[in-house]
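# Structural characterization, general
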2 protein chains.
Amino acid sequence: MLQNIRVVLVGPKGSGNIGSVARAMKNMGLRDLVLVGGGRTQSFWARAMAVHAAEMLKEVRRFATLREAVAECALVIGATCRGGLYRSHSRSPREVAPEILAAARTGKAALVFGPEDHGLSNRDLNHCHLLITIPAHPEYPSLNVAQAVMVCIYELFVAQLGQPPRSEIIRAPAERVERLFDRMRASLLKIGFLDSQNPDHILLALRRVLGRAGLEEKDVRILIGLFRQIEWYTEDGWRVVQEKEKKGLKVR
Amino acid sequence: MLQNIRVVLVGPKGSGNIGSVARAMKNMGLRDLVLVGGGRTQSFWARAMAVHAAEMLKEVRRFATLREAVAECALVIGATCRGGLYRSHSRSPREVAPEILAAARTGKAALVFGPEDHGLSNRDLNHCHLLITIPAHPEYPSLNVAQAVMVCIYELFVAQLGQPPRSEIIRAPAERVERLFDRMRASLLKIGFLDSQNPDHILLALRRVLGRAGLEEKDVRILIGLFRQIEWYTEDGWRVVQEKEKKGLKVR
């Protein structure tokens, strides 16, 4: 679907912005960049800002009018940060993303961005089926054009992933964690950290912290190792370590 | 809440990027921009890219180290696009946004971004409680730093428009947690649990677990007490404890 999404820049002035847009597009898996009117794609700044997307700049196509640039597109979306008579009904990129992706399944969809200084004109908006406005602070709602492109196509990228990706922690089985707490209790009693009258008060606080984190098997292994080492130290370890220190050897 | 969110740029190379970050921040209602190490804030490109956020560049603060830059922050989030041993458990900005906003209700939260070329180092990641990775195309997942800042703070801006998040835990300031890790390192070296050649490998795993949990002041106090007790044991404690045991007394 992302292959079917076109980014159209109308009259961009800074060639660095064109490069930044190319990079943003490659970051989000898009390739179809189109310019209406001016804009240098092979300048130093265009290439510098594109970094590893510089090769995309060679494929940029140019049209004289917006109408031509979106001629075969099934859905044309204009980005605007201004309000006004022709700009009510504007929605957020997140809200519109599913519609854009749906259109891009069967045809081309174009996201259209205006020049840096004034944005899309009312004439440009004539060619747009939908309008989007990026939520922003009212004091300064005008984003740099490449930033605006990034936010919009990021929303599309995330939407096509379906659920926002989450890295789940794979929690170790409860019994493993209980073993850890057995070790913890035994070793902390040995060094006199826990009150033998009421060891559970502090243990419960530690349980709470580790429960909040969620422990994976490797975390359990490290922590069991830690408390085992404390026990070892109280048994033979202190002698071993002190002898090593006396001889100026590394403890470990 | 957005007032309590700090953006930290570690060693930014392009001053234009600093300006772009300032603009993105003003777009999203943030003001607290901090640099670690280099970066020019008053160059032509910094001011040009900031446009109407140029006045913010005068307020940018500088610190020599990341630790100082985030000292009073309750939650420190590192942005990374690379995978790897120390970078698993990274989550998406959208997923983490509610947690960041919750922390920003009662304290400062810092979003940390690395230099343009290599991103945050493993050493920098030590200071981060959570990691975020912006979903991107695997062919070119590395966003321009100002673009990455924009996506992350846009997610925060959108999230705060929604429901006010519930804050469950009140995180202790980063510097308190660093103190804890200093203690942890010292004591675990003393009992030979950490490899003196490479103590950070295991420490990082422990940092990650506790970062995931989120430590309140009382948790920090208990854990500092625990590691202090280990140190005490290695110094005089072992003698005290053994004498008590010999006499059949309770250790504590």
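Analysis parameters
Residues numbered from 1 in each chain as written. Chains lettered and ligands numbered in written order. Predicted model: local features only at pLDDT ≥ 70, side-chain atom pairs only at ≥ 80, totals over all residues. Helix = DSSP H or I, 4+ residues; strand = E, 2+ residues; numbered from the N terminus. Contact = placed C-beta atoms within 7 Å. Pairing = 2+ DSSP bridges. Axes fitted to C-alpha atoms, helices over the stretch in contact; angles between N-to-C directions. Buried ≥ 20, exposed ≤ 12 C-beta atoms within 10 Å, placed from the backbone. Nonpolar A, V, L, I, M, F, W, Y, C, P; charged D, E, K, R; others polar.

## Considerations on the overall build of chain A
Looking only at helices and strands, one finds 9 helices and 6 strands in chain A. Relative to all contacts within chain A whose residues are 6 or more apart in sequence, the contacts with residues 24 or more apart total 81%.

## Observations regarding the sheet that holds strand β5 (residues 108-113) of chain B
Residues and elements named next belong to chain B. A sheet is described by the order of its strands in space; here 6 strands give the open sequence β3-β2-β1-β5-β4-β6, paired in parallel fashion. The open sheet has two edge strands with one neighbour each: β3 (61-63) and β6 (130-132). Mean inter-strand twist for the sheet, computed between neighbouring axes without regard to direction, equals 30 degrees. Bridging between strand β2 (residues 32-36) and β3 involves 3 bridges; their strand directions are parallel. Across the sheet, the residue bridging to Leu35 is Arg62, located in β3.

## Brief notes about unusual backbone geometry
Residues and elements named next belong to chain A. Its identity as a non-glycine residue notwithstanding, Val51 has a phi of 50 degrees, on the positive side. Position of Val51 relative to the elements: it lies in the loop between α2 (44-50) and β3 (61-63). Judged by local crowding, Val51 falls into the partly exposed class, with 16 C-beta atoms found within 10 Å.

## Comments concerning the sheet that holds strand β1 (residues 5-10) of chain A
Residues and elements named next belong to chain A. One open sheet holds the 6 strands; their spatial order is β3-β2-β1-β5-β4-β6, and the pairing between them is parallel. The sheet is open, and its two borders are formed by β3 and β6 (130-132), each paired with just one other strand. The sheet shows a mean angle of 30 degrees between the axes of neighbouring strands, taken without regard to direction. Of the strand pairs in this sheet, strand β4 (residues 73-79) and strand β5 (residues 108-113) are connected by 5 bridges, and their pairing is parallel. The partner of Cys73 across the bridge, within β5, is Lys108. The strands touched by helix α1 (residues 15-27) are β1 and β2 (32-36); relative to β1, the strand with the most contacts, the crossing angle is about 170 degrees. Along the sheet, helix α6 (residues 145-160) contacts β1, β4, β5 and β6; its crossing angle with β5, the most-contacted strand, is approximately 150 degrees.

## Re the interface of chain A and chain B
In this assembly, 58 residues from chain A lie in contact with 58 residues from chain B. Listing elements by their share of the side of chain A that touches chain B, those giving two or more residues are α1, α6, α7 (174-190), α8 (200-213) and α9 (217-246) of chain A. Here the side of chain A that touches chain B takes 10 residues from α9(A), the largest share from any one element. Taken together, the residues that form the side of chain A that touches chain B break down as 35 nonpolar, 14 polar and 9 charged.

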